[in-house]
Amino acid sequence: MALLPILRYPDPRLHTVARPVQAVDARIRQLVADMLETMYDAHGIGLAATQVDVHERLIVIDVSEERNQPLVLINPEITWACEDTQVNEEGCLSVPGVYDGVERSTAVHVRALDEQGRSRTIEAEGLLAVCIQHEMDHLLGKVFVEYLSPLKRNRIKSKMLKSRREAERTA
C-alpha cells in the first residue's frame, strides 16, 4: 500500500469529470487499498479517486467511530434521494482547515460495485448520506466550496493559494 498525494483546491484537476471504472481488477483493488490508507492517514471519512488525480468513478468512505468499516463504491449512482434536506457542516481533504454549511438530502439510496465487482445497494442516512453525496460530487468535478457564496469561495481560494505559496517557499 502507498500514501497518495491529495490534490488541493483550487487545483483544476479537481474539476475533471470521472469516467466509469471499466473492470474491477487488481489495479482497482490496489487503488482502493491505497486510497483507504491515504484517507485514514489524513484523518478523513471519505475520499474520491478524483482527489488523488485518478479520474475514475471510485470512492472510499469510513464514518465508523473505530475507523474499521470501510465502504467501497465503484461506479456509484444515486437511485433515490430524500426530498428532506439539512444543512451540515462539511470539510474536505482537498480544502484542509475549511468547514462550512452545505445543504444535502438527509437520506439516499446508492447502487454501486464493491471491490470484488459485486453489485450492491446502500441505504444511507445521516453522516453516511452526506459523505456519499459529497464524494460523488467530486466524481462530477465539483468541490463543496462551490455551494458557498462567490465571496466565501474567493476567500477560500486566496487562502489556499497563499498556503501553497508558503509551503513551496519553506520546502
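Residues numbered from 1 in each chain as written. Predicted model: local features only at pLDDT ≥ 70, side-chain atom pairs only at ≥ 80, totals over all residues. Heavy atoms only, no water.

**Here's the deal with the pattern of salt bridges**
So, step 1. In the structure shown here, the tally under the stated rule is eight salt bridges.
So, step 2. In this structure, aspartate 11 engages arginine 13 in a salt bridge whose closest nitrogen and oxygen atoms are separated by 2.6 Å.
So, step 3. Among the salt bridges present, the one from aspartate 53 reaches arginine 13, with a minimum N-O distance of 3.1 Å. Here aspartate 53 is found in the loop between strand E1 (46–48) and strand E2 (58–61), whereas its partner arginine 13 is found in the segment before helix H1 (26–41), with 40 residues between them in sequence.
So, step 4. Overlapping salt bridges, with partners in common, bring together Asp11, Arg13 and Asp53 in one network. (Salt bridge = Lys/Arg side-chain N within 4 Å of Asp/Glu carboxyl O. Helix = DSSP H or I, 4+ residues; strand = E, 2+ residues; numbered from the N terminus.)

**Here we look at the sheet that holds strand E3 (residues 71–81)**
So, step 1. Read across the sheet, five strands follow the order E1-E2-E3-E6-E7 without closing on themselves; strand pairing throughout is antiparallel. Looking along the sheet, the strands with just one partner apiece sit at the ends: E1 and strand E7 (119–125). Each neighbouring strand pair of the sheet contributes to a mean axis angle of 40°, computed without reference to strand direction.
So, step 2. Looking at chain direction, strand E6 (residues 107–113) and E7 are connected through seven bridges and run antiparallel. Within the sheet, the bridge partner assigned to valine 108 lies in E7 and is alanine 124.
So, step 3. The sheet strands contacting H1 are E1, E2 and E3, and the helix crosses E2 at an angle near 40°. (Pairing = 2+ DSSP bridges. Axes fitted to C-alpha atoms, helices over the stretch in contact; angles between N-to-C directions. Contact = heavy atoms within 4.5 Å.)

**Re the nonpolar core**
So, step 1. With 17 residues, the main nonpolar core has Val32, Met35, Leu47, Leu58 and Val60 as its most contacted residues.
So, step 2. Top element by residues in this core is H1. It accounts for six residues.
So, step 3. Excluding residues within four positions of it along the chain, methionine 35 makes contact with Leu4, Leu47, Ala48, Ala49, Val52, Leu58, Ile59 and Val60.
So, step 4. Counting 16 residues, the second-largest nonpolar core is a separate cluster that includes Ile59, Val108, Val110 and Ile122. (Core = buried A, V, L, I, M, F, W, Y, C linked by side-chain atoms within 4.5 Å. Buried < 20%, exposed > 50% of the residue type's maximum accessible area, 1.4 Å probe, protein only.)

**Some details on the packing of aromatic side chains**
So, step 1. Under the definition given, this model contains zero aromatic pairs.
So, step 2. Seen from the ring of tyrosine 147, lysine 142 lies directly overhead, with NZ or CZ sitting 4.1 Å from the centre. (Phe/Tyr/Trp six-rings, centres within 6.5 Å; stacked < 30°, edge-to-face > 60°. Lys NZ or Arg CZ within 6 Å of the ring centre and 35° of its normal.)

**Section: the side chain of asparagine 75**
So, step 1. For asparagine 75, the position within the fold is in strand E3.
So, step 2. At 2.7 Å, the side chain of asparagine 75 and the backbone nitrogen of valine 21 are in polar contact.
So, step 3. Apart from residues lying up to four places away in sequence, asparagine 75 is in contact with Pro20, Val21, Arg57, Arg111, Ala112 and Leu113. (Polar contact = N/O pair within 3.5 Å; in protein donor to acceptor, adjacent residues only side chain to side chain.)

As far as function goes, none of this settles anything; it's purely spatial.
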